[in-house]
Amino acid sequence: MSDSGRDRTGADRGVDRGTDRSDFIDAADRALTETYEEPMGIEEYVDRVFERPELAAHASKYLLAAIEDAGTRTVIEEGEQKERYRFFDDPHNDGEHAILGNTEVLNAFVDDLRSIAARRGKEEKIVWLEGPTATGKSELKRCLINGLREYSKTDAGRRYTLEWNVSGTESGGGLTYGDGPGGDEDDWYVSPVQSHPLTVFPKEVRRDLLAAINDRLDDHIDVRVDGDLDPFCREAYDYLEEQYRREGREDLFSAITDERHLRVKNFVVDVGDGIGVLHSEDDGTPKERLVGSWMHGMLRELDSRGRKNPQAFSYDGVLSQGNGLLTLVEDAAQHADLLRKLLNVPDEGHVKLDKGIGMDIDTQLIIISNPDLEAQLNQHADRAGQDPLKALKRRLDKHEFNYLTNLSLEAELLRRELTNETTVWTADSYDELARKIREPIHISVRRDDGEVRSKELAPHAVEAAALYDVVTRLDADDLPTGLDLVDKAALFDAGFISDGEERREKDDFEFGSDPRDGEHGIPVTYTRDVVADLLHEPSERHHPDLPVEDVLMPRDVLNGMADGFVDAPVFADAERTEFENRVVQVKNRIFSQQEEDVLAAIMREKRVEEETVEEYIEHVYAWTESEQIENERGEYEEPDPLKMKVFEIEHLGRFDESDYDGTDPGPAVREFRTEKIITALNRHAWRNRDDEFRVADVNVKEIPVIRTVLGSHDWDDVRRAFEDFDPRQWDDPPGGTETAAVKARAVRNLQEMFDYSEASAELTSRHVMSQVSYRWD
């Protein structure tokens, strides 16, 4: 998996963890100094955007730039390789609010932003993000807020607005929110809706100015500033214009925008400053929720001679707060009455404060909802052309979030829910990712009696819960012949499965053309709650020497999840039955994983060294190509038939003396060497070639078929290696027996190789041996 772009986690701002408290004060000073700029005049601002046109970006262009600035990384989702924007990993906040999965949905969202920013036909659309609970929609909201806030603190992401000062003119401070304490800085009032600095220019001048700025842009998306000054700023502008016009000034614009009256101010994007968020619990009239309300006390104080003075407006509605960048309507079904009023905001860019007072808006509008909003929108669908909501539905650009269908992502999400882990998982290979999936969790739990105990979620326990979640979300109707849902989950996560000694890619299978994967299933919140409850319950298992009551095994988790369906109101009866029927597949797969661990631990000292494997491969290759091999003395000699024979009999366990004529291989051995070893070697080399068709050094244990043949063991291998071993004695083997010695080494190896504790190693190996003993004879 690869990364591109900068890692902008905040570490690059140089906060050094010193031991002196003054180090932290200095680091804080540096961080704030780098965050803000001193106010500047309008001329200096114009000079700056001529040098760096991107600083004048309109809302959708800025949002797009913030997302693209973080770069991309390569991921595997639903068995396919995709490029993912790292912005959605919440890198500025150490991944705390990362959106896991749904990369295709997020990429489509970014594509829409690109079209909107470039005015390529979607600018009239309202972006609608829909999905069931626990699919990442709320995390997206937090991720957008975090990412935009931190991006606005960087040089590349500076955001600017206007502030005004009308003191010093003939009739004094007409621009005010009250008497105030006075003083120079106290006379400056910032635009309450983050007006773009270029809106101060007359339209015809601004048109030519933007053309000159866009000529200097490096990308294909022009900067657009279509609106006028907001009413608050217009009040200051008009006041100053009137004062200087009375004085007979011919340079009216220069006088109005003189640095004594107008400054361009850098601000940090946050909720209320460029980001508006309408929460489900927010109430008020539609106008109050969208733009704000009139402050009647201020109207009386300003005494504007019968007219409504825009200085007496609160500007605390969601569109006012989000002007200049982003407006989010959360749980949109709770604000369905507002949606029709938002209908024309994206393309007209205008709202009303009052009948005679309007305000231009530049904001990217996004609404977030559960599926219940769609039900409301379709309530009149049977009226066809008379549907009163048809125009609104036509304006909504829907992106559906689904439940995760990748095992690794679900395991990562579940660990986040159960612990304080926030780091986004990245890996160079699927083997590395698989190790993360199966890792145990150690949690401190306070019992009802106040005692704090350490509880272990054994290796594969999180994997079991995550796999069960994923299996309930997969569509069973489009399964290719020979695959079950667990196989499909493996294909979706790794992009391949091992079918015997062959590796089969997802493209090798034909799935249905209209899959419903991820549309329903067990939500992670249900699984989290089940596991949390189990962690607080004492186990009924006991062992005289081990604290096994503090170990939660994979089968405990799966049984707890299945048992809880009856009392969980979130599931319908049909879903309960369907999910219960799928747990057996998961239990079988997890048991096979535990069995592989125990076999590897038992046979650890019997494993083949990599040098021996490489030597065998070298001899087989030379034998196939009729070539010679260079020995340690630098001399060339024929491949050694005895070495190959010994390796194939003793290490592979696939052949015996009857398959050879002396040291000459028989037909079965010849076919194995050419078809299973050399063909796999060539296939691996072809897959790992570079752009110039060069092949890097091949690690033979990275070849799937060879790894399967050489890196795994079965119980026949155990029987051959330990002739007196008896799995029926495993729970309490007699002292001095081979079984006791094998068990002692295996329990120790499970801890060293796979991070088992002594207790979970004991319980896992007992569980495996209880099944093996049935078929031992």
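Since the structure is predicted, the reported quantities are computational estimates derived from the model, not experimental observations.

### Overview of the overall build of the protein chain
- Within the protein chain, the regular secondary structure consists of 29 helices and 22 strands.
- Of the contacts made within the protein chain by residues no fewer than 6 positions apart, 71% connect residues no fewer than 24 positions apart.

### With respect to the packing of helix H22 (residues 573-602) against helix H28 (residues 738-754)
- Running from amino to carboxyl end, H22 crosses H28 at an angle of 115 degrees, the nearest separation of the two axes being 8 Å. On the basis of their axis angle, the class for H22 and H28 is roughly perpendicular. In the crossing of H22 with H28, the sense of the turn from one axis to the other is right-handed. For the pair formed by H22 and H28, the contact residues are Asp597, Val598, Ala600, Ala601 and Ile602 on the first element and Val742, Ala746, Asn749, Leu750, Met753 and Phe754 on the second.
- Its residues placed into classes, the contact of H22 with H28 shows nine nonpolar, one polar and one charged.

### Topic: the sheet that holds strand S18 (residues 551-552)
- On the basis of which strands lie adjacent, the open sheet formed by three strands has the order S14-S15-S18 and mixed pairing. On the outer flanks of this sheet lie strand S14 (441-446) and S18, each paired with one strand and no other.
- In the sheet, strand S15 (residues 452-457) pairs with S18 via two bridges, with the strands oriented parallel. Bridging from a neighbouring strand, Glu456 pairs with Val551 of S18.

### Description of the pairing of strand S4 (residues 159-164)
- The element S4 is largely enclosed, with a buried count of six among its six residues.
- Burial along S4 is two-sided: the face carrying Arg159, Thr161 and Glu163 and the face carrying Tyr160, Leu162 and Trp164 are both buried.
- Examined bridge by bridge, S4 and strand S6 (residues 262-267) share six bridges and lie antiparallel to one another. What sits directly across from Arg159, in S6, is Phe267.
- As defined by bridge partners, S4 adjoins strand S5 (residues 189-190) across two bridges and the pair is classed as antiparallel. Looking at S5, one finds that Glu163 is bridged to Val190.

### Here's the deal with the sheet that holds strand S13 (residues 396-400)
- Strands sit in the order S7-S8-S9-S12-S3-S13 across an open sheet of six strands; the sheet is parallel. Each edge of the open sheet is held by one strand with a lone partner, namely strand S7 (270-271) and S13.
- Relative to strand S9 (residues 326-329), strand S8 (residues 274-278) runs parallel, the two sharing four bridges. Residue Leu278 lies in a different strand from S9, and its bridge partner there is Val329.
- Packed on one face of the sheet, helix H4 (residues 103-117) meets strand S3 (126-130), strand S12 (364-369) and S13 and runs near 155 degrees to S13.

### Here we look at the pattern of salt bridges
- One pass over the structure, following the stated rule, counts 51 salt bridges.
- Asp517 is the partner of Lys488 in a salt bridge, and the nearest nitrogen-oxygen pair spans 2.9 Å. In this pair, Lys488 sits in helix H19 (residues 485-494) while Asp517 sits in the loop between strand S17 (502-505) and helix H20 (524-535), placing the two residues 29 residues apart along the sequence. Each member of the pair, Lys488 as well as Asp517, carries the same accessibility label: buried.
- In this structure, Glu752 engages Arg604 in a salt bridge whose closest nitrogen and oxygen atoms are separated by 2.7 Å. In this pair, Glu752 sits in helix H28 while Arg604 sits in the loop between H22 and helix H23 (610-625), placing the two residues 148 residues apart along the sequence.

### A look at the packing of helix H3 (residues 59-69) against helix H5 (residues 137-151)
- Orientation of H3 relative to H5, taken along the N-to-C sense of each, is 90 degrees, at an axis distance of 10 Å. Here H3 is positioned roughly perpendicular relative to H5, judged by the angle of their axes. Residue-level contacts link Tyr62, Leu63, Ala65, Ala66 and Asp69 of H3 to Leu144, Leu148 and Tyr151 of H5.
- Split into classes, the residues belonging to the contact of H3 with H5 amount to seven nonpolar, no polar and one charged.

### Quick look at the nonpolar core
- The biggest cluster of nonpolar side chains holds 51 residues, and the ones touching the most others in it are Leu457 and Tyr468.
- Of all the secondary-structure elements, those providing two or more residues to this core are helix H16 (407-418), helix H17 (430-438), S14, helix H18 (461-473), H19, H20, helix H21 (554-563) and H22.
- Ranked by residues supplied to this core, first place goes to H18 with nine residues.
- Sequence-distant contacts of Leu457, defined by excluding residues within four places in its chain, comprise Leu418, Pro440, Ile441, Val462, Val531, Leu535, Leu552 and Val557.
- Among the nonpolar cores identified, the runner-up in size contains 38 residues, and Ala57, Phe109, Tyr151 and Ile221 belong to it.

### So, the packing of aromatic side chains
- Following the criterion strictly, the structure yields 20 aromatic pairs and no others.
- A ring pair is formed by Phe87 and Phe88, whose centres lie 5.6 Å apart and whose planes are at 85 degrees; its orientation type is edge-to-face.
- You can call Phe88 buried: its relative accessible area is 0%.
- Seen in terms of ring centroids, Tyr616 and Phe647 are 4.3 Å apart; in terms of plane orientation they differ by 10 degrees. Their pairing is stacked. On the criterion of sequence distance, the pair formed by Tyr616 in helix H23 and Phe647 in helix H24 (residues 641-651) is long-range, its members being 31 residues apart. Here the two residues Tyr616 and Phe647 agree in accessibility, since each one is buried.
- An aromatic cluster of three or more residues is present, and its members are Tyr468, Tyr526, Phe565, Phe571 and Phe579.
- Taking the ring centre of Trp188 as reference, the NZ or CZ of Arg263 above it sits at 3.9 Å.

### Description of the confidence of the model for the protein chain
- For the protein chain, mean pLDDT is 86; residues scoring 70 or higher make up 87% of the total.
- When mean pLDDT is taken per element in the protein chain, H18 scores highest with 97 and helix H26 (residues 704-711) scores lowest with 56.
- Predicted confidence is poor over residues 171-183, with pLDDT under 50, and the contacts of this stretch with residues over four places away or in other chains come to 31 contacts.

What counts and how
- Residues numbered from 1 in each chain as written.
- Predicted model: local features only at pLDDT ≥ 70, side-chain atom pairs only at ≥ 80, totals over all residues.
- Heavy atoms only, no water.
- Helix = DSSP H or I, 4+ residues; strand = E, 2+ residues; numbered from the N terminus.
- Contact = heavy atoms within 4.5 Å.
- Axes fitted to C-alpha atoms, helices over the stretch in contact; angles between N-to-C directions.
- Parallel < 35°, antiparallel > 145°, perpendicular 65-115°, else oblique.
- Left-handed = near helix turned anticlockwise from the far one by under 90°.
- Nonpolar A, V, L, I, M, F, W, Y, C, P; charged D, E, K, R; others polar.
- Pairing = 2+ DSSP bridges.
- Buried < 20%, exposed > 50% of the residue type's maximum accessible area, 1.4 Å probe, protein only.
- Salt bridge = Lys/Arg side-chain N within 4 Å of Asp/Glu carboxyl O.
- Core = buried A, V, L, I, M, F, W, Y, C linked by side-chain atoms within 4.5 Å.
- Phe/Tyr/Trp six-rings, centres within 6.5 Å; stacked < 30°, edge-to-face > 60°.
- Lys NZ or Arg CZ within 6 Å of the ring centre and 35° of its normal.
- pLDDT = per-residue confidence, 0-100.

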